[in-house]
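As a plain string of letters, each chain reads:
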Amino acid sequence: MEKVTIKIDGKDYQAEEGDTILKIAHKNGIKIPSLCFHPDAKARSNCRMCVVEIKGNKNLQTSCSTKVTEGMEIITDSGRIKRARKINLELIFSQHQEECDDCVSLDSCRLLKYQKEFGAEINKFPDRKKNRKIVQTGPIVFDWTKCIDCRLCADVCPVEFLEVENRGADIAIEASSDEKKECINCGQCIVHCPVGAIEAEGEFEEIEKPLADKSKTVIIQFAPAIRSSIGEEFGMEAGSIVTDQMVAGMKKLGFSKVFDTSVAADFTTYEEAQELLERVKTGKNLPAFSSCCPAWVKFLEFYYPEFIHNLCTSRSPQIMMGGILKTYWAKENNVDPKDIIVVSVMPCTAKKFEVKREEMKLENGCFPVDYVLTTREMARLFKKHNIDLKNIEPEKADNPFGDPSGAGVIYGASGGVFESAFRTAYFMATGKNMENVDVKEIRGLEGIKIKELKLGDTILKVAVVSGIKNAQKMLEELKKNPSAFHAMEVMACPGGCIGGGGQPIPNTPEIRKKRAQALYQVDAEKKMRLAHENPSVLEAYEKHFTDKEIIHKVLHTSYQQRKKSEVKELKSSRGD
């Protein structure tokens, strides 16, 4: 790319030809407001909050879509610009029914921030959206009375479930009624919506429900990816590790036990590594697909059922932990499983769907997990009880499921599941541990990573994928060449769980990179980095998971072809 020199607010800047004004401004710390722009999607210039003046142009231009050219002179702040942004903001408010106390964007709302900055009148124009519908499918709720029609949700929806209807003043985003389109509950629409029009079921309204029943033993578990993201809700840098502060907060809230789902990830690794080796040995059901991501599993069940047999049957870590608690742990502690409530804190909205799958039920009739809180919901619960993770004395999670291997922690980043499984599969295949357990070849935010790894005398061809559209490309490739890979890890969200739909907002590539790096740092600093060396795992197998029948009932599951879910209309909680 050729370098060009531009002038912003009277100062010279170097830029690459083809970059947009907004990109160069942000890169150099120059603040330009924007709502509909997100680095994960193409610029659409819909909100027009980012308008700037360009010398020689009569009209204001949107900085998100205007590319720089040599000698361009730009003004980002003037009376004319402020007036235009104020009017644009007031028009946007006319499309947005306010419900600030119950909004995923409450603590990061750019609408309110800009309203104060530009002195905009919220009710200057009549509400145009008050008669729009509120609908729900699975655990995702779409409140179209708040939608500003920026199209970001439709642009990032990996299965095109969200559709743009009509044009001009009548434009609207709708949940698809096409029987061939199904929401996979990934929640990417939530973390990309700039105005909180989309949320997960029960988000905020039901966060205290699990603690209400004092007669039960209420246990909480937290996912690997939470520890490097929830700190953002308390003003910390992305990638700040707050594991022990989070545990302290959970104990202060009154949970009976606090366990780390990363320990359950060690169980998952133990089972998946055996599945992988067995499939490679027999040549059956290859390539082996990871099954930890419920959005990916649902995508496969609905859109590509012919590949269901490729999914590993090992349950996801949150479901394994719930099953272990309501069987093995209950027996060890003489607690009736029916008196245990298991709450999961997950970076993922699809986990709310996963816990209700009938296939997950245990032989004792219990669902392994009873409630799922997203990272955002957990943060909201802390704040409601004045628990500040920046100012709390750290505490350790409870044993026997409080100390994971480093391999369990990296489950939160794309490539982490397979790296963990590979470390243990290597030991199972060769009888010795890898000299260097880091499998850096499959790390990183790249959407598709294809590598060959040596496992004893076998060369494993592996695909590591994040993002459903990338997974779709790989499945189409497998239709043409079924033996292209031995194994494929898929995470529905960009970068894996660190970019999940339940994570703090904003959720950008730069933030996801920091969250992932932090997890690998935790792994690097752990003395125990291999799932098969976790004493808690080994003890459980020695005491309880002693034969294949018990293991299969608690640690494995099955999958099925799925039909389209109902899209149901909800009543407004505002009473209008």
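Structure report, in brief. Please read these numbers as outputs of a predicted model, since none were measured by experiment.

Calculation criteria
Residues numbered from 1 in each chain as written. Predicted model: local features only at pLDDT ≥ 70, side-chain atom pairs only at ≥ 80, totals over all residues. Heavy atoms only, no water. Helix = DSSP H or I, 4+ residues; strand = E, 2+ residues; numbered from the N terminus. Rg over C-alpha atoms; globule rule 2.2 N^0.38 Å. Buried < 20%, exposed > 50% of the residue type's maximum accessible area, 1.4 Å probe, protein only. Contact = heavy atoms within 4.5 Å. Areas by Shrake-Rupley, 256 points an atom, 1.4 Å probe, with all protein chains shown as cover. Disulfide = S-S within 2.5 Å. Pairing = 2+ DSSP bridges. Core = buried A, V, L, I, M, F, W, Y, C linked by side-chain atoms within 4.5 Å. Phe/Tyr/Trp six-rings, centres within 6.5 Å; stacked < 30°, edge-to-face > 60°. Lys NZ or Arg CZ within 6 Å of the ring centre and 35° of its normal. Axes fitted to C-alpha atoms, helices over the stretch in contact; angles between N-to-C directions. Salt bridge = Lys/Arg side-chain N within 4 Å of Asp/Glu carboxyl O. Parallel < 35°, antiparallel > 145°, perpendicular 65-115°, else oblique. Left-handed = near helix turned anticlockwise from the far one by under 90°.

### Concerning the overall build of the protein
Step number 1: For the protein, the helix and strand inventory stands at 17 helices and 19 strands.
Step number 2: Taken over the C-alpha trace, the protein has a radius of gyration of 25 Å; the compact-globule value for 576 residues is 25 Å, and the two agree within 12%.
Step number 3: For the C-alpha atoms alone, the extent of the protein along its principal axes is close to 75 × 55 × 50 Å.
Step number 4: By the burial criterion, 59% of the 576 residues in the protein qualify as buried.
Step number 5: Sequence-distant contacts in the protein: of pairs separated by 6 or more residues, those separated by 24 or more amount to 74%.
Step number 6: Counting only carbon and sulfur atoms, one obtains 47% of the accessible surface of the protein, whose full area is about 24,300 Å².

### What to know about the state of the cysteines
Step number 1: Summed over the entire model, instances satisfying the criterion amount to zero disulfides.
Step number 2: Take C50: it sits in no disulfide, and the sulfur closest to it among the cysteines is that of C64, at 3.8 Å.
Step number 3: Exposure remark for C50: the relative accessible area of 2% places this residue in the buried category.
Step number 4: C348 carries a free sulfur, and the closest cysteine sulfur to it, the one in C293, is 6.1 Å from it.

### Topic: the pairing of strand β2 (residues 11-16)
Step number 1: Pairing between strand β1 (residues 3-8) and β2: six bridges, direction antiparallel. Bridging across to β2, K3 finds its partner in E16.
Step number 2: The antiparallel pairing of β1 with β2 creates a hairpin that spans two residues between the two strands, and D9 there sits at a positive phi of about 50°.

### Focus on the nonpolar core
Step number 1: Residues F142, L162, F289, W296, L475 and M488 are the most contacted members of the largest nonpolar core, which totals 72 residues.
Step number 2: Look past the residues within four positions of M488 in its chain and what remains in contact with it is A288, F289, S290, W296, A463, V465, M474, L475 and L478.
Step number 3: In this structure, I324, V355, V372 and F382 belong to the second largest nonpolar core, which totals 59 residues.

### Examining the pairing of strand β9 (residues 172-175)
Step number 1: Sheet topology note: the strand β8 (residues 162-165)/β9 ladder contains four bridges and is antiparallel. Its bridge partner lying in β9, E163 is registered against E174.
Step number 2: Linkage of β8 to β9, two consecutive antiparallel strands, is achieved through a turn of six residues, within which N166 is found at a positive phi near 65°.

### Some thoughts on the sheet that holds β2
Step number 1: Spatial strand order, β2-β1-β5-β3-β4: five strands in an open sheet with mixed pairing. Where the open sheet ends on each side, the last strands, each with one partner, are β2 and β4 (61-62).
Step number 2: Two elements, β1 and strand β5 (residues 73-75), share two bridges in a ladder whose sense is parallel. Paired with I8 across the two strands is I74, which belongs to β5.

### What to know about the packing of aromatic side chains
Step number 1: Summed over all chains, the structure comprises 22 aromatic pairs.
Step number 2: On the numbers, 6.4 Å between centres and 55° between planes, the contact of F234 with F382 is tilted. Note that F234 is positioned in the loop between β11 (217-222) and α6 (243-253) and F382 in helix α11 (residues 375-384), a separation of 148 residues in sequence.
Step number 3: Under the relative-accessibility criterion, F234 is labelled buried at 8%.
Step number 4: Since its relative accessible area comes to 0%, F382 is described here as buried.
Step number 5: Through a chain of ring-to-ring contacts, the aromatic side chains of F259, F267, Y270, Y328, W329, F401, Y541 and F545 assemble into a single cluster.
Step number 6: Between K383 and the ring centre of F234, over which it is positioned, the NZ or CZ distance is 5.5 Å.

### Some thoughts on the sheet that holds β11
Step number 1: Here we have four strands laid out as an open sheet, ordered β12-β11-β14-β15, and parallel in their pairing. Of all strands in the sheet, those with a lone pairing partner are β12 (257-260) and β15 (371-374), marking the two edges. Across this sheet, the average inter-strand angle for adjacent strands is 25°, counted without regard to direction.
Step number 2: The pairing of β11 with β12 spans four bridges and is parallel. Counted as the bridge partner of I220 is V258 from β12.
Step number 3: Where α6 meets the sheet, its contacts fall on β11, β12 and β14 (340-346), and the angle it forms with β11 comes to roughly 160°.

### Describing the pattern of salt bridges
Step number 1: In this structure the tally under the stated criterion is 48 salt bridges.
Step number 2: Among the ionic pairs, D260 bridges to R227, the shortest N-O distance being 2.7 Å. Of this pair, D260 sits in strand β12 while R227 is found in the loop between β11 and α6, placing the two residues 33 residues apart along the sequence.
Step number 3: Here D260 falls in the buried class, since its relative accessible area comes to 2%.
Step number 4: Judged by relative accessible area, R227 falls into the buried class, the value being 2%.
Step number 5: As a salt-bridge pair, D398 and K251 come within 3.3 Å of each other at their nearest N and O atoms. Of the two residues, D398 sits in the loop between α11 and α12 (406-409) while K251 sits in helix α6, which places them 147 residues apart along the sequence.
Step number 6: Accessibility expressed as a relative area gives 26% for K251, which makes it partly exposed.
Step number 7: The structure contains a network of salt bridges with shared partners spanning E419, R423, D438, R443, D523 and R529.

### Digging into the packing of α6 against α11
Step number 1: The N-to-C vectors of α6 and α11 enclose an angle of 60°; their axes lie 11 Å apart at closest approach. Classified by the angle between their axes, α6 and α11 sit oblique to one another. The two elements α6 and α11 cross, and the hand of that crossing is left-handed. Across from M246, G249, M250 and L253 in α6, the residues of α11 making contact are M378, L381 and F382.

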